[in-house]
Amino acid sequence: MRTIDIHAHLVPQAVWQAAAAGTDWYGYRHEPGEGLGSFIGDGKRTGFTSPKVRFTTDERLKDMDAQGVDVQVLSIHTPFFGYHLDAAQGRRLAREVNDEIAGIARQWPQRFAGLATLPVQDVKVAIDELERAVTVLGLKGAELDTVVNGENWDEPKFLPLFKAAEAMGAVLFFHPQPQHNFMMQRTTRYGLFNSLGVIVEDAIVVAVLILGGILDACPGLKVCVAHGGGPACFAMGRFDRGWQRTPAERRSIPQPPSSYQRRLYYDTVVGSEKALRFLLDEVGADRVVLGSDWPFVPWHPSPVSWVQGLRSLTEDEKERVLWRNLESLLKL
């Protein structure tokens, strides 16, 4: 059975080269410390403990083979999005990263596909880079944060980006910041910024895409949300109740929010079999795709083996999740 993983991160080689030289990379500065140390950028610190973030492509391929993953869809590790930079710097960062990802996919076309990063702090520049990434570099779409410098994706200024992605057939993969999200304002204890903050951010972006009318404005838009969309599908009944209680003339969308949840795709990084079974029952097996969050989730032995061993999934569901859905979505 073929396996395709939509959720596989990459820390650009230029980042490590800058760290070795003691120089900055677009304002990101390396500080030695526990594990592989940390990077400081935009006043935020991101630590690394997994040695896999420094893997060469050959080492990555060996790890994929060990995990039974045939294809990884590469995307930048989210702390390096660089949305805080000015537009010119953001474009240079994105072009450098996208060229690296595209180069890997060209060299190993049977093993890798790629998602671009975009300088969304300037929507026009982001659209230009998405077009270059898709039409020139052959990338499949783009990875996006769940928030842009404090602004949500339902701001009118972002709609042209969604329309451009829809027209290109580009897939948009939403992934929040694991170490820097709204939970940091509440508490830094217990690791809740990762275990809880991340998935709440996922749910917020699902809600914003639906209630903000983006899926109505762009009916052909292809969107996948990391971590199973967090608790969004679990909360659809509450979303529907809020919509029903809103006077018809003030509703932002014409149909109940739950009627839109099958318009999105969701990955399998949900934490438990019960959660995955619930997600499949809510959105259908044709809307769930394999994700690993490589290399940050310590699967035992692998995300593929985990799915294959789940007794509550039928063989057809496993095939759809492990490869059929992504083969179709990404046109691999």
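Shown above is the structure to which this text applies.
Now for a quick tour of the structure. Note that the structure is predicted; figures quoted are calculated from it, not measured. (Residues numbered from 1 in each chain as written. Predicted model: local features only at pLDDT ≥ 70, side-chain atom pairs only at ≥ 80, totals over all residues. Heavy atoms only, no water.)

### A word on the overall build of the protein
At step 1: If you tally the helices and strands in the protein, you get 12 helices and 11 strands.
At step 2: Compactness check: the protein gives a C-alpha radius of gyration of 19 Å against a globular reference of 20 Å for 332 residues, within 12% of the reference.
At step 3: For the protein, the spread of C-alpha atoms along the principal axes amounts to about 60 × 45 × 45 Å.
At step 4: Looking at the protein as a whole, 53% of its 332 residues qualify as buried. (Helix = DSSP H or I, 4+ residues; strand = E, 2+ residues; numbered from the N terminus. Rg over C-alpha atoms; globule rule 2.2 N^0.38 Å. Buried < 20%, exposed > 50% of the residue type's maximum accessible area, 1.4 Å probe, protein only.)

### Regarding the packing of helix H3 (residues 87-107) against helix H4 (residues 123-136)
At step 1: For the pair H3 and H4, interaxial distance at closest approach is 11 Å and the crossing angle is 15 degrees. Judged by the angle between their axes, H3 and H4 are roughly parallel. Judged by the sense of rotation from one axis to the other, the crossing of H3 with H4 is right-handed. For the pair formed by H3 and H4, the contact residues are Arg 91, Ala 94, Arg 95, Asn 98 and Asp 99 on the first element and Val 125, Asp 128, Glu 129 and Arg 132 on the second. (Axes fitted to C-alpha atoms, helices over the stretch in contact; angles between N-to-C directions. Parallel < 35°, antiparallel > 145°, perpendicular 65-115°, else oblique. Left-handed = near helix turned anticlockwise from the far one by under 90°. Contact = heavy atoms within 4.5 Å.)

### Quick notes on the pattern of salt bridges
At step 1: For the coordinates displayed, the defined rule picks out 18 salt bridges.
At step 2: Among the salt bridges present, the one from Arg 132 reaches Asp 99, with a minimum N-O distance of 3.0 Å. Of the two residues, Arg 132 is situated in helix H4 and Asp 99 in helix H3; the sequence distance between them amounts to 33 residues.
At step 3: Residue classification places Asp 99 among the partly exposed residues on the basis of a relative accessible area of 35%.
At step 4: By sharing partners, the salt bridges in this structure join Arg 95, Asp 99, Glu 129 and Arg 132 into a single network. (Salt bridge = Lys/Arg side-chain N within 4 Å of Asp/Glu carboxyl O.)

### Comments concerning the nonpolar core
At step 1: Judged by nonpolar contacts, the single largest core of 100 residues is most densely connected at Trp 25, Trp 153 and Phe 162.
At step 2: Discounting residues that sit within four places of it in the chain, Phe 162 has contacts with Trp 153, Leu 172, Phe 174, Leu 209, Ile 214, Cys 218 and Leu 221. (Core = buried A, V, L, I, M, F, W, Y, C linked by side-chain atoms within 4.5 Å.)

### Structural notes on the sheet that holds strand E5 (residues 71-76)
At step 1: If you walk across this open sheet you meet the three strands as E1-E5-E6, and the pairing is parallel. Where the open sheet ends on each side, the last strands, each with one partner, are strand E1 (4-10) and strand E6 (112-114). Across this sheet, the average inter-strand angle for adjacent strands is 35 degrees, counted without regard to direction.
At step 2: Relative to E5, E1 is paired through five bridges, and the arrangement is parallel. Counterpart to Ala 8 in the pairing with E5 is Leu 74.
At step 3: Where H3 meets the sheet, it contacts E1, E5 and E6, and its direction lies at approximately 170 degrees from that of E5. (Pairing = 2+ DSSP bridges.)

### Describing the packing of aromatic side chains
At step 1: In this structure the tally under the stated criterion is 17 aromatic pairs.
At step 2: Ring centres of Trp 299 and Trp 306 lie 5.6 Å apart, and the angle between their planes is 45 degrees; this geometry places the pair in the tilted category.
At step 3: You can call Trp 299 buried: its relative accessible area is 16%.
At step 4: Taken together, Trp 16, Trp 25, Tyr 26, Tyr 28, Phe 39, Phe 48 and Phe 80 form an aromatic cluster joined through their ring pairs. (Phe/Tyr/Trp six-rings, centres within 6.5 Å; stacked < 30°, edge-to-face > 60°.)

### Section: the environment of Val 73
At step 1: Mapped onto the fold, Val 73 is located in strand E5.
At step 2: Distance from Val 73 to Met 236, taken between C-alpha atoms, is 29 Å for residues 163 residues apart in sequence.
At step 3: Other than its neighbours up to four places away in sequence, Val 73 contacts Ile 4, Asp 5, Ile 6, His 7, Ala 8, Ala 113, Gly 114, Leu 115 and Leu 330.

### Quick word on unusual backbone geometry
At step 1: Note that the residue after Trp 294, namely Pro 295, is joined by a cis bond; omega there is 0 degrees.
At step 2: Position of Pro 295 among the secondary structure elements: in the loop between strand E11 (288-289) and helix H11 (303-308).
At step 3: Here the bond from His 300 into Pro 301 is cis, since omega is 0 degrees, no more than 30 degrees from zero.
At step 4: One non-glycine residue, Tyr 26, lies in the positive phi region at around 50 degrees.
At step 5: Here Tyr 26 is to be found in the loop between helix H1 (13-21) and strand E2 (29-31).

### Notes on the sheet that holds E2
At step 1: With respect to topology, three strands assemble into an open sheet ordered E2-E3-E4, the strand pairing being antiparallel. Edge positions in the open sheet fall to E2 and strand E4 (44-47), since each of these has one partner strand only. Taking each pair of neighbouring strands and ignoring which way they run, the sheet shows an average axis angle of 30 degrees.

### Digging into the packing of H4 against helix H5 (residues 159-168)
At step 1: Across the interface, H4 lies against H5 with an axial gap of 9 Å and an inter-helix angle of 15 degrees. Relative to H5, the element H4 is oriented roughly parallel. Between H4 and H5 lies a crossing of right-handed hand. Between H4 and H5, the residues in contact are Val 123, Ala 126, Ile 127, Leu 130, Glu 131 and Val 134 and Pro 160, Leu 161, Ala 164, Ala 165 and Met 168, respectively.

### Points about helix H2 (residues 57-67)
At step 1: Buried within H2 are the following residues: Thr 57, Arg 60, Leu 61, Asp 63, Met 64 and Gln 67. All buried residues of H2 project into a common sector of 165 degrees when viewed along the axis, lining one side. Residues of H2 that are exposed and point more than 90 degrees away from the buried face comprise Lys 62 and Ala 66.
At step 2: In this structure, the buried residues of H2 make contact with E1, E5, H3, E6 and H11.
At step 3: Two residues or fewer past H2, Gly 68 is found with a positive phi of approximately 75 degrees. (Arc of directions from axis to C-beta.)

What is shown is where atoms sit, not what they do.
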